Amino acid sequence: MAKNKPLKARDIMTAGAKCVGEHESLQDAARLMREMQVGALPICGDNDRLQGMVTDRDIVIHCVADGENPAQIECGSLGGELHWIDADASATDALHLMEQHQIKRLPVIDVQNGHRLCGMITEANLAQNLTDKQIAEFASHVYAGAH
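The rules behind these values
- Just so you know, the residues in each chain are numbered from 1, in the order the chain's sequence is written.
- The predicted origin of the model limits local features to residues at a pLDDT of at least 70 and limits the giving and counting of side-chain atom pairs to 80 or more, whereas totals for whole chains, interfaces and linings rest on all residues.
- In computing side-chain properties, one takes all heavy atoms of the structure into account and sets aside hydrogens as well as water.
- Pairs of strands are assigned from DSSP output, requiring at least two bridges between the strands.
- The numbering of helices and of strands both runs from the N terminus, where a helix is a DSSP run of H or I of at least 4 residues and a strand a run of E of at least 2.
- Every residue pair with non-hydrogen atoms within 4.5 Å of one another is taken to be in contact.
- Only the stretch in contact is used when fitting a helix axis, every axis being a line fitted to C-alpha atoms; angles between N-to-C directions are given from 0 to 180 degrees.

**Student:** Which parts of the structure should I look at to understand the sheet that holds strand 2 (residues 20–21)?
**Tutor:** Pairing between the strands of a sheet comes from backbone hydrogen bonds, and it takes one of two forms, parallel or antiparallel. With respect to topology, 3 strands assemble into an open sheet ordered 2-3-4, the strand pairing being mixed. Because the sheet does not close on itself, it has two edges, and the strands there are strand 2 and strand 4 (50–55). For strand 2 and strand 3 (residues 40–44), the ladder comprises 2 bridges, and the chain directions are parallel. Residue pairing across strands places G21 opposite C44, the latter belonging to strand 3. Helix 2 (residues 26–36) contacts strand 2, strand 3 and strand 4 of the sheet and is inclined by roughly 130 degrees relative to strand 3.

Structure follows, in structure tokens:
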């Protein structure tokens with residue numbers, strides 16, 4: 001019987017992640033989030049490369065709560081700190097990166113194929129593919145400071 005190979009990021013990700021353009025409005029991003037039933041989107045630049053992430057919370061906290069018009073603010077203005085993982089990295093590396101930076105969504109980049117976005121790893125992906133112990137460790141790291 002062949003020994004199972006360790007899971008890679010590409011094995012546990014949700015493929016087909018869509019980007020919102022850095023010059024598209026936050027309103028456009030919100031509509032795309034609604035259409036895709038997601039709470040975050042990767043932001044891609046004019047060069048089709050990952051520039052950041054925008055979340056529904058970002059739109060509310062950094063736009064709506066300040067009385068700004070989401071139709072007039074570009075997504076690129078909310079990119080923030082960017083974390084990603086190579087599609088060929090181990091799933092365990094993805095877990096540790098998400099724990100270290102206390103993030104719930106991690107873009108997956110296919111470095112060997114033009115450095116393009118190829119998917120996203122979410123909490124649901126972790127829950128479906130990792131051990132109960134790994135999931136518990138993730139939750140304790142990511143939600144430790146949450147109120």
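**Student:** Help me understand the sheet that holds strand 1 (residues 14–15), please; the structure alone is not making it clear to me.
**Tutor:** What the 4 strands build is an open sheet, ordered 1-7-6-5; its pairing is mixed. Where the open sheet ends on each side, the last strands, each with one partner, are strand 1 and strand 5 (85–86). Bridge count between strand 5 and strand 6 (residues 105–110): 2 bridges; the pairing is parallel. From the neighbouring strand, D86 faces strand 6, where its bridge partner is I109. Relative to the sheet, helix 4 (residues 91–100) contacts strand 5, strand 6 and strand 7 (116–122), its axis offset from that of strand 6 by approximately 135 degrees.

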